[in-house]
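Listed below, chain by chain, are the residues.
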Amino acid sequence: MYSFSPKLRLYSIIFIVLGLVLFGAGYFMNHGMDDARIEHMMEAVHAGGNHAPTNSSEMVGPQDHAAHLEHAKMQVHNQPLAAIHTVAVFLFALSCCALFFYCIQNAAHAGWSIIILRVMEAIASYIPYGGAIVVIIMILNITHQGHLFHWMDPELTEPGNIHFDAILFEKKIFLNIPFYAVRTLIYVIGASFFAWKLKSLSKKVDDTKSRKVYASYYSWSVGYIAFFGFASAAWAWDWLMSIDPHWYSTMYIWYAMVSCLSSAIAAIILISVYLKKNGFLPQFNDNHLHDLGVFLFATSMLWTYTWFAQFMLYWYANVPEEVNYFFGRFKYYSPTFLPMLIVNFLIPLLVLVSSSIKRNYMVVTVMAVVVLCGHWLDYFNMVMPGTVGPYWKTPEVLLLNLGSVLFGVGLFIFVVMTALSKLKLIPEGNPFLKESKIYEYPF
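A short tour of the structure in this document, coming up. Not measured: the values here are computed from a predicted model. (Residues numbered from 1 in each chain as written. Predicted model: local features only at pLDDT ≥ 70, side-chain atom pairs only at ≥ 80, totals over all residues. Heavy atoms only, no water.)

1. Things to note about the overall build of the protein
Counting its secondary structure elements, the protein contains 16 helices and 0 strands. In terms of C-alpha radius of gyration, the protein reaches 23 Å, essentially the compact-globule figure of 22 Å for 443 residues. Seen through its C-alpha atoms, the protein measures out along the principal axes to roughly 70 × 45 × 40 Å. The burial tally for the protein puts 56% of its 443 residues in the buried class. Residue pairs in contact within the protein that sit at least 24 positions apart in sequence constitute 83% of those at least 6 positions apart. When the accessible surface of the protein is totalled, it reaches about 18,500 Å², and 70% of it is carbon and sulfur. In the protein, the 26 positive side-chain charges and the 26 negative ones have mean positions that sit 20 Å from each other. (Helix = DSSP H or I, 4+ residues; strand = E, 2+ residues; numbered from the N terminus. Rg over C-alpha atoms; globule rule 2.2 N^0.38 Å. Buried < 20%, exposed > 50% of the residue type's maximum accessible area, 1.4 Å probe, protein only. Contact = heavy atoms within 4.5 Å. Areas by Shrake-Rupley, 256 points an atom, 1.4 Å probe, with all protein chains shown as cover. Lys, Arg positive; Asp, Glu negative; His and termini not counted. Charge placed at Lys NZ, Arg CZ, Asp CG, Glu CD.)

2. Side note on the side chain of S12
Assignment of secondary structure puts S12 in helix α1 (residues 6–31). In this structure S12 touches F4, G410, I413 and F414, once residues within four positions along its chain are discounted.

3. Quick look at helix α2 (residues 35–45)
Every buried residue of α2 is listed here: I38, M41, M42 and V45. Summarising the axial view, the buried residues of α2 lie within an arc of 100°, below the 170-degree limit, and thus occupy one face. Set apart from the buried face of α2 by more than 90 degrees, the exposed residues are A36, H40 and A44. (Arc of directions from axis to C-beta.)

4. Notes on the pattern of salt bridges
On inspection of all chains with the given rule, the structure shows 7 salt bridges. Note that R183 and D238 form a salt bridge whose closest N and O atoms lie 2.6 Å from each other. One end of the pair, R183, is in helix α8 (residues 177–208); the other, D238, is in helix α9 (residues 211–240), with 55 residues separating them in the sequence. For the residue pair R183 and D238, the accessibility class agrees, reading buried in each case. A salt bridge links K203 to D207; the shortest N-O distance between them is 3.2 Å. Taken together, the positions of K203 and D207, both in helix α8 and 4 residues apart, correspond to about one turn of that helix. (Salt bridge = Lys/Arg side-chain N within 4 Å of Asp/Glu carboxyl O.)

5. Brief notes about the nonpolar core
Generally speaking, nonpolar side chains in soluble globular proteins are found buried as a group. With 146 residues, the main nonpolar core has L99, I123, Y224 and Y252 as its most contacted residues. With 19 residues, the single largest contributor to this core is helix α4 (residues 79–107). (Core = buried A, V, L, I, M, F, W, Y, C linked by side-chain atoms within 4.5 Å.)

6. Focus: the side chain of N106
Inspection of the secondary structure puts N106 in helix α4. Within the local environment of N106, its side chain forms a polar contact with the side chain of Y217, the two groups lying 3.2 Å apart. Each residue touching N106, except ones within four places of it in the same chain, is listed here: L117, Y214, Y217, Y218 and S221. (Polar contact = N/O pair within 3.5 Å; in protein donor to acceptor, adjacent residues only side chain to side chain.)

The structure is reproduced here in structure tokens:
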């Protein structure tokens, strides 16, 4: 039985409190900006004739100085909500992907992974908490307290209005506030239900060792895989893709999902190694670590494929609404956009390509941290350009993002490790447990 270390608990609480303090400081600094400073920032961005839009929607409506200033003010004041939205969606999706990976193991009757099933269950315990933050952000947006989603402005779909946007008018059947709110609740409540149901069935399998209960456990795992397949696609459209509402992509849903799947595997590695090194999970060995390293390597390569294929096809087509998605990121986010390929692709490729290196605890642990940081940066690049635009190189944004990350990491550690302390680390009732204990990678 794992006991939540008082030292780790204290660190998680410090992270939460420090995150809130930094976020609060950034929030008050952001709301203390006057129009004169924002206008100065806008003029600095556009100096030298540089007027590249960061969002296709900027090309619709009046293009005079007053309209540009109003848009700049909205982008600047989006900074706090955009920072917390990035972390909230990332950690919620990561937890759902961990549950997805867990269900794949059950559906495939995989034997090697039984030792770490409880780790995946614990990560999935974060889903209701992360979902609650996402719902709060959704409420702020639909009540117009926040303005992350351009398409929520009713003027844009009102024929005859000077701000009328024909593309958003065509998408109104899907992109409308009531349907968006209902979908968000379905994602959060549905994923929370499956996390609870699968955890309860897993415990029941341990208590009863019944094949009938295990069959039900298997069926619910398959059910979550089906739910996740639809929900992960739709929430990528809703929470990320619709930030840039003119943007079309058939690969975006895979790109966003694989980013968090790779992060989920990295989180599983970190927690499993932590338990091993502290004597709570001696059954976890370098064979299990090797297989997790294989999945970390594979998902990193898959993410790279989806990123490059999406970029290549749209840049080659040269359709303005699509190219603009990349152009704004190249122009204003060059320090974060392309360098993330080094973190998410080049480093995992060079380090994890060797089979033997995947058995090295230190190397794989460091790579897990690198991948987690790299994919948070990926989500940063998905959210910030369409919400904050070019106004991100400020102290306020640094404080807001650092505070959001510390708060999110602290809450994640606290929830996951608390859940882990209430679980039996070894699922004794699972019929494949023996296979996991004696598992040895043959090469």
